[in-house]
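Observations on the model geometry
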Amino acid sequence: MSRITDLQKNLFGGTTSNARQFGMISTLVAIVLLFQIWTDGLTLTSGNLIAVVSQYSYILILAIGMLMVIVAGHIDLSVGSVAAFTGIVVAKAMQEYDLPWPLGIALGLLVGAAIGAWQGFWVAYIGVPAFIVTLAGMLLFRGGNQYIGNADTVPVPEGFRKIGAGFLPEVGPDTGYNNLTLLLGVAACAGVLWREWQARRTRREMNADMAPLWVTGIRLAVMFGVIVFATLRFAGGRIGTSLPISGIILIVLVLAYSHYTRNTIGGRHIYAVGGNARAAELSGVKLKRVNFLVMMNMSVLAALAGMIFVARSSASGPQDGLSWELDAIAAVFIGGAAVSGGLGTVSGSIVGGLVMALLNNGLQLEGVGSDMVQIIKGLVLLLAVAFDVYNKRQGRFSVIGALTRPFRRDDPAAPAPPAAPNSDVDKAGIAG
């Protein structure tokens, strides 16, 4: 095998999970480079990257939960309303009852869990389609937000605002950078190195094929380069800013849910239910429990996203959460999830969300009006998926096909055509 073939096969398309989003990562890189040139270098400045994470982290958090909902074969249209309802409940509790902000966060998560249990009960145990349940929830909790808040804005205390508008603090000697962000970058590089070493050791113990060592070196160099670049950008912002606290929350959730969906029995059950619910149930998967927990988890993450948005905005208002569900669903589908369920990854959804976030950010930097931003985002989503589906049908390279290949089941053999009746007995059987 030539070196070029080795590089094509293993650098981004080998067996590591990072390779599965190569097609969408290429799109993300292209968008970044386009707007970096178009905006005269503003896109990749420290201030802009920090603003992107701060402004869109709540949508990316929603995308994590929506990915699991869609993989299980459902859809959730209520997440924006659930986020808004949770935000007003928590804001009112802290304002009128002097609830300490840490307890306010706990209250918000409990509200999200209760809403998720309510919707999960109807979906899993009553059998009402999730589309209908969450459509009703969208109306119910939007009305609840306006009823509880009297359609007014409700401010939140300073301590609570840190989860949405706070940054890693400045500690240690003056290095010209935020030291905690630098330490996180070092930890990220160490984690990537350890994971690569573990993967190679496991494959060696299994006597499986491994990527050539020089390909692994190139892959590590690319990943280290991206991590170092991002670390210096986030650590080098103006004094008092660095990696947002909401970004830390997002990173923790991505790592936790990626591990859960890939490496645990519960996570694999979600894919099994979305791939073929009946077969999964016959195999011992507790279908009702999976559906219940998926819907409940979505509402908990929606509650968290709502609190982060309220904290960043310094107040809860009646317009919070509008169209959030559409942004989350778009991120998941752009990231490679299948409409019919059973396919998709957390990392792919995050990449899809970043594509939409940076597209939106770049257009705003160029002064494009909000009306045209919505039109362009809608066209990009439609054309990207349509082009990919067309290529897949023509047998050409498909981004979504490449993303979903690691999870794809073998196509069932086509059923044999029925034999033509050639006797009176056959004809009589068919007639009967």
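Here's a quick rundown of the structure. Please read these numbers as outputs of a predicted model, since none were measured by experiment.

1. Observations regarding the environment of V373
- Here V373 shows up in helix α16 (residues 370-393).
- Once you skip the residues sitting within four places of it in the chain, V373 turns out to touch N360, L363 and V368.

2. Digging into the packing of helix α8 (residues 179-205) against helix α9 (residues 213-235)
- Remark: α8 packs on α9, axes separated minimally by 9 Å, with the N-to-C direction vectors making an angle of 165 degrees. Considering their axes alone, α8 and α9 lie roughly antiparallel with respect to each other. Crossing handedness for the pair α8 and α9: right-handed. When α8 is examined against α9, the residues T181, L182, G185, A188, C189, V192, L193, E196 and R200 are found in contact with a partner set consisting of L213, T216, R219, L220, M223, F224, I227, V228, T231, L232, F234 and A235.

3. Topic: the pattern of salt bridges
- One pass over the structure, following the stated rule, counts 5 salt bridges.
- The salt bridge involving K92 is made with E96; its shortest N-O contact spans 2.9 Å. Pair noted here: K92 and E96 are both in helix α4 (residues 79-96), with a separation of 4 residues, about one helical turn.
- On the accessibility criterion, K92 (16% relative accessible area) is buried.
- Between R219 and E196 there is a salt bridge; the shortest N-O distance is 2.7 Å. Taken as a pair, R219 in helix α9 and E196 in helix α8 lie far apart in primary sequence, 23 residues in all.

4. Regarding the nonpolar core
- Core analysis: the largest hydrophobic core is formed by 68 residues, its most contacted members being L62, I64, M66, L67 and F160.
- No other element matches helix α13 (residues 287-313), which puts 14 residues into this core.
- Non-local contacts of M66, meaning those with residues more than four positions away in its chain, are made with D76, V79, M298, E325, A328, I329 and V332.
- Formed by 22 residues, the second largest nonpolar core is a distinct cluster that contains L49, Y56, L168 and M356.

5. Description of the packing of α4 against helix α6 (residues 130-149)
- Taken N-terminus to C-terminus, the directions of α4 and α6 make an angle of 25 degrees; their axes are 8 Å apart at the nearest point. Taken together, the axes of α4 and α6 are roughly parallel relative to one another. As for the relative orientation of α4 and α6, their crossing is left-handed in sense. Between α4 and α6, the contacting residues are G80, S81, V82, A84, F85, I88, V89 and K92 on the first element and G137, M138, F141, R142, G144, N145, I148 and G149 on the second.
- Grouping the constituent residues of the contact of α4 with α6 by class yields 8 nonpolar, 6 polar and 2 charged.

6. Describing the environment of L77
- Positionally, L77 belongs in the loop between α3 (46-71) and α4.
- A relative accessible area of 15% means that L77 is categorised as buried.
- L77 sits 251 residues away from A328 along the chain, and the two C-alpha atoms are 9.8 Å apart.

7. So, a nonpolar patch on the surface
- Residues W118, F121, W122, Y125, I126 and L140 make up a contiguous nonpolar surface patch of roughly 610 Å² in combined accessible area.
- Relative to the elements of secondary structure, W118 occurs in helix α5 (residues 101-126).
- We classify W118 as partly exposed; its relative accessible area is 45%.

Criteria and cut-off values
- Residues numbered from 1 in each chain as written.
- Predicted model: local features only at pLDDT ≥ 70, side-chain atom pairs only at ≥ 80, totals over all residues.
- Heavy atoms only, no water.
- Helix = DSSP H or I, 4+ residues; strand = E, 2+ residues; numbered from the N terminus.
- Contact = heavy atoms within 4.5 Å.
- Axes fitted to C-alpha atoms, helices over the stretch in contact; angles between N-to-C directions.
- Parallel < 35°, antiparallel > 145°, perpendicular 65-115°, else oblique.
- Left-handed = near helix turned anticlockwise from the far one by under 90°.
- Salt bridge = Lys/Arg side-chain N within 4 Å of Asp/Glu carboxyl O.
- Buried < 20%, exposed > 50% of the residue type's maximum accessible area, 1.4 Å probe, protein only.
- Core = buried A, V, L, I, M, F, W, Y, C linked by side-chain atoms within 4.5 Å.
- Nonpolar A, V, L, I, M, F, W, Y, C, P; charged D, E, K, R; others polar.
- Patch = residues over 30% accessible without salt bridge, like charges linked within 9 Å, V, L, I, M, F, W, Y side chains within 5 Å.
- Areas by Shrake-Rupley, 256 points an atom, 1.4 Å probe, with all protein chains shown as cover.

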